[in-house]
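So the chains spell out like this:
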Amino acid sequence: RGSPRLLDTLLPSTVLLKDGEGYYDVDTDIDVVRNTMLFILPASGDLLEVSSSWIDELIYHTAKGDLLFRTTENLKFDRELKGIRFYQVLSEGPYMFIKIPDRKFLEANYTGLYSPDKRYDEYVPDDRYYIMGSDSVMHRVQLTRKSLGNFFPGQTKLINSSFNEKSGEDPEQQVVRLLKKF
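As the structure is a computational prediction, the values presented were derived from the model and not from experiment.

With respect to the overall build of the chain
Of regular secondary structure, the chain possesses three helices and 13 strands. Taking the principal axes of the C-alpha coordinates as reference, the chain spans close to 60 × 55 × 35 Å. Here the chain holds 182 residues, and 37% of them are scored as buried. The contacts in the chain between residues at least 6 apart in sequence include a share of 41% that link residues at least 24 apart. Approximately 11,000 Å² of the chain is accessible, and the part contributed by carbon and sulfur atoms is 49%. Taken as two groups, the 24 positive and 28 negative side-chain charges of the chain have centres that lie 10 Å from each other.

Here you go:
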């Protein structure tokens, strides 16, 4: 239950390494806890992993469209990150919107009398969202009206009319649509 891998399966993808010698088509997945890319070597079928510091860009090809991932190496953040991390580009433009996927480890706890009876160790999603400010620094935001209103203080009317975290609609897509209006 709950693995440290982003997609829990290897998907067809295109990878651009830091050397910049071209794109490679391989089946990959991301281990978000160790921050590595897993892939199958086409010649032997061996499962290998590469540190995120070797990767420049990773594009997953899915039925719903392409998912673009890059590394945080050349970005500035309002808070210090632990090493170079993969991030998903949700929207590009003057207000770049990204998601840094992460997993939090929850240990099994089934021995206590009033314990929650968790029988398995598991990793649960703990994603973080960032928007690039006018100062070219990535600022952490939550996908709520209040957090977005604090980040864009002059746009609270537009945010209140366009964004509703309780609507049942994907909040990531709502933020992407909202950023296009700025």
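As for unusual backbone geometry
Its identity is not glycine, yet Asp-8 carries a phi of approximately 60 degrees, on the positive side. Turning to its location among the elements, Asp-8 is positioned in the segment before strand E1 (11-17). Here Asp-8 falls in the exposed class, since its relative accessible area comes to 53%. In this structure, Ser-136 takes a positive phi of about 60 degrees despite not being glycine. Judged by relative accessible area, which is 45%, Ser-136 ranks as partly exposed.

Description of the sheet that holds strand E2 (residues 23-31)
Reading across from one edge, E4-E3-E2-E1-E5-E6-E8-E9-E12-E13-E7 is the order of the 11 strands in this open sheet, with mixed pairing throughout. What marks the edges here is a single partner per strand, and that holds for strand E4 (47-51) and strand E7 (76-77). Where strand E9 (residues 97-100) and strand E12 (residues 128-132) come together, four bridges link them in antiparallel fashion. Paired with Ile-98 across the strands is Tyr-130, a residue of E12. Contacting strand E8 (86-91), E9 and E12, helix H3 (residues 171-180) runs over the sheet at an angle of about 155 degrees to E9.

Side note on the side chain of Arg-85
Of note, Arg-85 is situated in the loop between E7 and E8. Polar side-chain contacts of Arg-85 include one of 3.3 Å to the side chain of Asp-102.

Quick look at the pattern of salt bridges
A full pass over the atoms with the stated rule returns 12 salt bridges. The salt bridge partner of Arg-70 is Glu-92, with a shortest N-O separation of 3.1 Å. You can see Arg-70 sitting in strand E6 (residues 65-71) and its partner Glu-92 sitting in the loop between E8 and E9, a full 22 residues away along the chain. The closest approach of N and O atoms between Asp-126 and Arg-128, which form a salt bridge, is 3.4 Å. By relative accessible area, Asp-126 is classed as partly exposed at 22%. Since its relative accessible area comes to 25%, Arg-128 is described here as partly exposed.

Calculation notes
- Residues numbered from 1 in each chain as written.
- Predicted model: local features only at pLDDT ≥ 70, side-chain atom pairs only at ≥ 80, totals over all residues.
- Heavy atoms only, no water.
- Helix = DSSP H or I, 4+ residues; strand = E, 2+ residues; numbered from the N terminus.
- Buried < 20%, exposed > 50% of the residue type's maximum accessible area, 1.4 Å probe, protein only.
- Contact = heavy atoms within 4.5 Å.
- Areas by Shrake-Rupley, 256 points an atom, 1.4 Å probe, with all protein chains shown as cover.
- Lys, Arg positive; Asp, Glu negative; His and termini not counted.
- Charge placed at Lys NZ, Arg CZ, Asp CG, Glu CD.
- Pairing = 2+ DSSP bridges.
- Axes fitted to C-alpha atoms, helices over the stretch in contact; angles between N-to-C directions.
- Polar contact = N/O pair within 3.5 Å; in protein donor to acceptor, adjacent residues only side chain to side chain.
- Salt bridge = Lys/Arg side-chain N within 4 Å of Asp/Glu carboxyl O.

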